[in-house]
Structures are given as structure tokens and as C-alpha cells.
Amino acid sequence: MANQQARLSYLVSQILREKRFLGEILLFLPRKFDTEFEAATGLVWVDNEICLKINPNEFAKLRDDDAILLLEHNALHIAWRHPLRYDDHPDQDLVNIATDVAVNQGLSEDAPGTFSLEWAERYIDADFKEFQDSQVYLNILENLSGEEKQKLRSTMAKQGDGKAKNQPAHESHDQWQSSAKAQRNSRIRQMSFQKLIYNATKSTPYKDRGTIPGSSVSGVSANSGGTTEMWKLLLRREMGKIARGQRDTHARFNRRQPMRMDLPGKVARLVPEITIFVDNSGSITEDELGTTLTHISEMNRMLKIPLTIYSFDAAVHEQGQKVKPGARIKYERIGGGGTSFQAVFDFMQDQKISKRSLVVIITDGWGERKITDHNYNNVYWLLTNRADQLSVDAPGSHVFELKGDY
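Here the structure is a predicted model, which is why all the values come from computation and not from measurement.

Student: Lay out the environment of P325 with the relevant residues and their values.
Tutor: With respect to the element layout, P325 can be found in the loop between β9 (316-323) and α13 (341-350). Residues P325 and R301, spaced 24 residues apart in sequence, show a C-alpha to C-alpha distance of 4.9 Å. Beyond its immediate sequence surroundings of up to four residues, P325 is in contact with N300, K304, I305 and P306.

Printed below as a string of C-alpha cells:
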């Protein structure tokens, strides 16, 4: 076992050279060696903390390059929070496939003994597109018929892309759901995951942070001292421009050169509202929505800008919530039909909302492809899915992943 412990440290050092962030995750990830473990490697929950479990006997059989791929594979599961997101899913076989297919596309090669996109395309009669969120793949698998799922399980047992029958697996997800619900503390699990990702991010030099998956920093709280999501940084900057900005006007003298009538003076900008539209048909959870609105409310409190929140699905519900600067947002969902982004832009035009207003649309991104934006270009799209899942071809302004999970 001591030999494999030393070998593991060596392999992690190699990963640190090439993929610093994944190496940092592996450094901070607790390790447990267990000769009875059913696979060479795997992520398991131990007292609400995620750990890397290794069977030293099976790990010793792996070539170094295969072992490195498996370690990177496990690190990406952590970076994209798969064990946390799916720890209570009722069908872990489907989770196994969906998350493996997503993760392996982030590696130079498919990790041995795991499910790849090629394997899924070969054995599953469904449209598996490249570089999709793991939830997208899981939705496809959940929509298979009972007969198709049974055939898939039989294929997994016989083929399994390296998980051959009567042979130990190289990687296991079997203990992602090992804890009984009564013993599971979701809040503690979230905090331990957040701490792990935060420590790995903080330890990754700025020059190497381009390799960090966007989703990996999305769970780090703005109050934790860690990395703040890019959408928060840019939104705060835009709100600051609205609150403190000035505009040119010839109705005022230029204070520095008052005799120059050709030079404009400056006046404070009018302060337009920030208008937020929340997609009620989207996949965003109440907790995620509450956290997002809390961040925006905090910015609103500091910058003292009026705020209005509307619900929308196929239409905008006109009873918007006016939020005074510093007031707490109390949001309740209304409606729940299909999504129409055009309805949002038509509503803004009908209500004569200023073109200079800052508009935030919180959505899962699934709607129509073509819209007429009526020249509303200062728009922030905050997606619960990947940014490339936004159906609109040419959305105005910025598109961000709210949580960015793969």
C-alpha cells in the first residue's frame, strides 16, 4: 500500500504540471485506501465529505497514463459537482453514464473503464450531441422506454466500455448515494464541496486559471473571499456606471474651460431601473433563484438603484414587484407555461422601459431562436444551463452561466 501511496503522490504531481487546477483538487481531496473497494478508484461520501477511495491492489495494475486519466476524470467529477448534484437521484446507473460521458469530453482521452460519448452513441438509440451538460444526457436517458433501459443495463453489464463482466471496474460511482437520507446533511455537503473548490481555485496561480472549468467557481460565495462569478463582477460594474456615471450636455458649461462654448459640460446620468425577468418554466430551483436575487439585491442596496422583478413564461405577468434600494426581495413564482423571450422584449417596448435600463433575464435558455429585441441591448442573460444552450441566435449584451455545472 505504501508503494501505491507514493505512486499516487507522484502521479498527482504530474497532473499539477499539466492541469494545475485538477491537480489542486486532487491535493485537497481526502484519500482513503481500501483493499475491499470494488474499483481501482472512486468518489465516495464519508460523513458528508466527498473522498477519493482507492483500491491499492487494483490501482497497481494500471499503467501510469491510464491512472492519470482516471484521476483527472475523478477531479472533473468534483469540479462539476456531480456527486453533490446527483447524490439523491433514484437511478444511479443513468447518472453513471451521463456524468461519465460529459466528463470524458474534457479529457485528452477517455478514461479507461468509464462510459464515453462513443460508447453512448454505439449502444443507445438517442441523439447524444458533443459537449452537453450532464443533465442533458441524463434527461435523454430518463426518457428511454422501460425496455430500452433494461437493454441498456444488460449492455452495461456485458460491455461497459472497459467494465467487462467478472472484472473489477476501474472507476466506481456506487457510493455517491450510499448514505441514507436521514444521515445526509445537504447543507454540510454543499459547504464541504464549496471549501474544496475554493481551496483548489485559490491555490491555482492566475496564469493557470484559464484551465479552470467555468462551473467550478460558480458555487463559491461572494462573501467567502473566494472567486466571484464573472456575471456578478460585470453586473456590479454596469450598475456602478448607472449610479455614478455622467453624460455630456451643452446645457452646462465645461467646468475646466468655461469660455469654450464648443465643449460640453457634464451632468449626472438619469438613474433608470434595473428590470429583472424570471423564467417560470425554467429548471432553476428555488434555492438557486433565491441566491441569485440575494446577490442582486445586495448590489442594489449598495448602489441605491430602483429594481423591478417580473415573472414570465409565454407572456410577462404584468404585476411586477417594485423593490426599493436596500429592501429585501420577496419573490414568488407565477404561471408556469411555455417560454417566450419575445414576450419580454415586446413587454419592455409596450411599457416604454428605458433603452438605457439594465435588463436581467434569468432562464434555462430554452425558447425561440429568433427574436426582435427592439434595440434593448443592455441585457444580461443568466442561464441555469450552459451558455451555449441559449436558443436565441443573437442575444443582446452578455450571456452567462448562473451555476455552469456540467
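Student: Outline the pairing of β9, listing residues and values.
Tutor: Summarising the sheet, strand β8 (residues 307-312) and β9 pair through five bridges and their orientation is antiparallel. Considered in β9, the bridge of I309 is made with Q321. From the end of β8 to the start of β9, which pair antiparallel, there are three residues.

Student: I'd like to hear about the packing of helix α6 (residues 92-104) against helix α8 (residues 134-142), residue by residue, with values.
Tutor: Remark: α6 packs on α8, axes separated minimally by 8 Å, with the N-to-C direction vectors making an angle of 140°. Between α6 and α8, the angle falls in the class oblique. Of the two elements, α6 crosses α8, and the hand of that crossing is right-handed. Here α6 contributes L94, V95, I97, A98, T99, V101 and A102 to the contact with α8, which in turn contributes S134, Y137, L138, L141 and E142. Here the residues of the contact of α6 with α8 sort into nine nonpolar, two polar and one charged.

Student: How would you summarise the nonpolar core if you had to cite specific residues and measurements?
Tutor: Grouped together as the largest cluster of nonpolar side chains are 56 residues, with contacts concentrated most on I25, I78, I97, I124, L141 and L152. It is helix α4 (residues 64-79) that contributes the most residues to this core, nine residues altogether. Apart from residues no more than four positions distant in its own chain, L141 is found in contact with L94, I97, A98, I124, F128, K149 and L152. Counting residues in hydrophobic clusters, the runner-up holds 20 residues, among them I276, L307, V360 and I362.

Student: Can you break down the packing of aromatic side chains residue by residue, with the values?
Tutor: Overall, the coordinates contain eleven aromatic pairs when judged by the stated rule. With 6.1 Å between their ring centres and 85° between their planes, F277 and F347 make a pair best called edge-to-face. Of the two residues, F277 sits in strand β7 (residues 274-279) while F347 sits in helix α13, which places them 70 residues apart along the sequence. A single burial state applies to F277 and to F347, both of which are buried. Here the aromatic rings of Y310 and F347 are separated by 4.8 Å at their centres, their planes lie at 65°, and the arrangement is edge-to-face. You can see Y310 sitting in strand β8 and its partner F347 sitting in helix α13, a full 37 residues away along the chain. Pair check on accessibility: Y310 and F347 agree, each one buried. Grouping aromatic residues by their ring pairs yields a cluster made of F312, F341, F345 and W381.

Student: Before we move on, could you go through helix α10 (residues 186-203) and cite the residues and values that matter?
Tutor: Over its 18 residues, α10 runs 26 Å from end to end, which matches the ideal 26 Å to within 8%, given 1.5 Å per residue. Among the residues of α10, R189, F193, L196, I197, Y198, A200 and T201 are the ones counted as buried.

Student: Explain the sheet that holds β9 to me, using residue names and the numbers behind them.
Tutor: Read from one edge to the other, the open sheet built from six strands follows the order β9-β8-β7-β10-β11-β12, with strand pairing classed as mixed. The open sheet has two edge strands, β9 and β12 (398-401), and neither has a second partner. Within the sheet, the average angular offset between the axes of one strand and its neighbour, ignoring direction, is 20°. One ladder, built from four bridges, connects strand β11 (residues 379-383) with β12; its direction is parallel. Across the sheet, the residue bridging to Y380 is H398, located in β12.

The rules behind the values
Every chain is numbered independently, its residues counted from 1 as its sequence is written. In keeping with the predicted nature of the model, local features appear solely for residues at pLDDT of at least 70, side-chain atom pairs appear and are counted solely at 80 or more, and the whole-chain, interface and lining totals rest on all residues. Side-chain numbers come from the whole structure's heavy atoms, not from hydrogens or water. Runs of E in the DSSP output that reach at least two residues are strands. Runs of H or I that reach at least four are helices, and both are numbered from the N terminus. Whether two residues touch is decided by their heavy atoms; if any such pair falls within 4.5 Å, the residues are in contact. If DSSP finds at least two bridges between two strands, the strands pair. Only the stretch in contact is used when fitting a helix axis, every axis being a line fitted to C-alpha atoms; angles between N-to-C directions are given from 0 to 180 degrees. Geometric relationships in this document are graded by angle, where less than 35 degrees denotes roughly parallel, more than 145 denotes roughly antiparallel, 65 to 115 denotes roughly perpendicular, and other angles denote oblique. Helix crossings fall into two classes, left-handed where the near helix is turned counterclockwise from the far one by less than a right angle and right-handed where it is turned clockwise. Classes in brief: Ala, Val, Leu, Ile, Met, Phe, Trp, Tyr, Cys and Pro nonpolar; Asp, Glu, Lys and Arg charged; the others, Gly included, polar. Residues belong to one nonpolar core when they are buried, are Ala, Val, Leu, Ile, Met, Phe, Trp, Tyr or Cys, and are joined through side-chain atoms within 4.5 Å. Three exposure classes are used, based on accessible area relative to the maximum for each residue type with a 1.4 Å probe and protein chains only: buried under 20%, partly exposed in between, and exposed over 50%. Two rings from Phe, Tyr or Trp (for Trp, the six-membered ring) form a pair when their centres sit within 6.5 Å of each other. Planes less than 30 degrees apart are called stacked, planes more than 60 degrees apart edge-to-face, and all others tilted. Expected span of a helix, by definition, is 1.5 Å for each gap between consecutive residues, and there is one gap fewer than residues.

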